[in-house]
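# Coordinates in review
Chain residues, written in single-letter form:
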Amino acid sequence: MSEEETKVEAATEATEADNSTTKEAAPKKKGKKWPIVVGVVAVVLIAAGAGFWVWHEQPSFCNAICHTPMDQYNATYDQEPNTAGVDKWGNEVKNTSSMLCVSHKMPTDQGGAGATCMSCHIPTMSEQMSEGINWVTGNYVYPLEERTGADLVEARGLEADQFCLNESCHNLTRDDLVKATSGMEFNPHVPQHGEIECTECHKAHRASVMYCTSCHSEAEVPEGWLTVAEAKKLQTA
């Protein structure tokens, strides 16, 4: 190989080496990461929102957000069924299942409904906002006043019976109820003295009361329930 050819070959190798170095040194183009970041943030927000909504349905939410007026209500809900316990005022209850908050929270395979607070208490958004403001400002009665079925559905424009008698809960009519308790000597569902609200007898956070005993002292009283006279003696504060 001549001297001139040697020089040409050396120059070619040097050029190739320079090109290789330039390629390696060139910065790599970065892809756009913002769609990934946005996607991650969206997933986190959705998961957090879903988690909050699930918590919103639980007694612990009511207890944590409005802890002062709700403490005793949450305590009644947390009790085991078919045992001795206490009501929302601290009175002794012979059978906790006589309180709807306990009997309704039981799983369906145990005769309950697997209910939480929000299964029965379904406030409108305006009610929740109003209640939240009242709690923050301290503008509420303590202990809370007992509410009837009519009170609990008023904001939704429903009849009092629909608090209990609806497709999601007890899909029954008044006539169905009369038949269900036809074996009792004093049938509590026969409106002999005019119809009364379900909540007159069935209590959520205290022992249920047999309304018939207000006149008929010999009327059958379900296990754990109270007579009207016994209910009147309860400590309510």
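Here goes a summary of the coordinates provided. Predicted model only: the values in this text are computed from it and were never measured.

### Points about the layout of surface pockets
Approximately 210 Å³ is the volume found for the second largest pocket. In terms of lining residues, the second largest pocket is bounded by 13 residues, among which Lys 94, Gly 224, Trp 225, Leu 226 and Glu 230 are the most central. Mapped onto the lining of the second largest pocket, the elements with two or more residues apiece are β2 (92-93) and β4 (226-227).

### Brief notes about empty space enclosed by the protein
Considering all chains together, one arrives at 1 cavity of 30 Å³ or more under this definition. Space inside the largest cavity adds up to approximately 50 Å³. Taken together, Gly 149, Ala 160, Asp 161, Phe 163, Cys 164, Glu 197, Cys 198 and Thr 199 make up the lining of the largest cavity. Of the residues belonging to the lining of the largest cavity, the class tally is 4 nonpolar, 2 polar and 2 charged.

### Regarding the packing of aromatic side chains
Counted according to the given criterion, the structure contains 0 aromatic pairs. Above the ring of Tyr 77, the side-chain terminus of Lys 105 is found at 5.1 Å from the ring centroid.

### Thoughts on a nonpolar patch on the surface
Taken together, the side chains of Ile 36, Val 40 and Val 44 define a hydrophobic patch exposed on the protein surface, amounting to about 280 Å² of accessible area. Take Val 44: it is sitting in helix α2 (residues 34-56).

Reading the values: the criteria
Numbers given to residues run from 1 along each chain, matching the order in which its sequence is written. With the structure being a predicted model, the display of local features is reserved for residues of pLDDT at least 70 and the display and counting of side-chain atom pairs for 80 or more, all residues being used for whole-chain, interface and lining totals. The basis for every side-chain value is the complete set of heavy atoms in the structure, and neither hydrogens nor water enter the calculation. Buriedness of a pocket was judged along seven lines, with at least five required to meet protein on both sides within 12 Å; pockets are open sets of points on a 1 Å grid over the protein atoms alone, cavities are sets where a 1.4 Å probe fits but cannot get out, and lining residues have an atom within 4 Å of a point. Grid points are joined across faces, edges and corners, and a volume is the space filled by probe spheres set on the points. For the purposes of this entry, the term helix denotes a DSSP run of H or I that reaches at least four residues, the term strand denotes a run of E that reaches at least two, and both are numbered from the N terminus. Note on residue categories: nonpolar means Ala, Val, Leu, Ile, Met, Phe, Trp, Tyr, Cys or Pro, charged means Asp, Glu, Lys or Arg, and polar means any other residue, Gly included. The pairing test for Phe, Tyr and Trp rings, Trp by its six-membered ring, is centres within 6.5 Å, and the orientation test on the planes gives stacked under 30 degrees, edge-to-face over 60, and tilted for anything in between. For a ring to carry a charge above it, either NZ of a lysine or CZ of an arginine must fall within 6 Å of the ring centroid while also lying within 35 degrees of the normal to the ring plane. Within this analysis, patches are made of residues with over 30% relative accessible area and no salt bridge. Like charges are joined at 9 Å or less; nonpolar side chains (Val, Leu, Ile, Met, Phe, Trp, Tyr) at 5 Å or less. Using a 1.4 Å probe, the Shrake-Rupley method yields the accessible areas, and only the shown protein chains count as cover for residues. By definition, a salt bridge exists where a carboxyl oxygen of Asp or Glu is found within 4 Å of a side-chain nitrogen of Lys or Arg.

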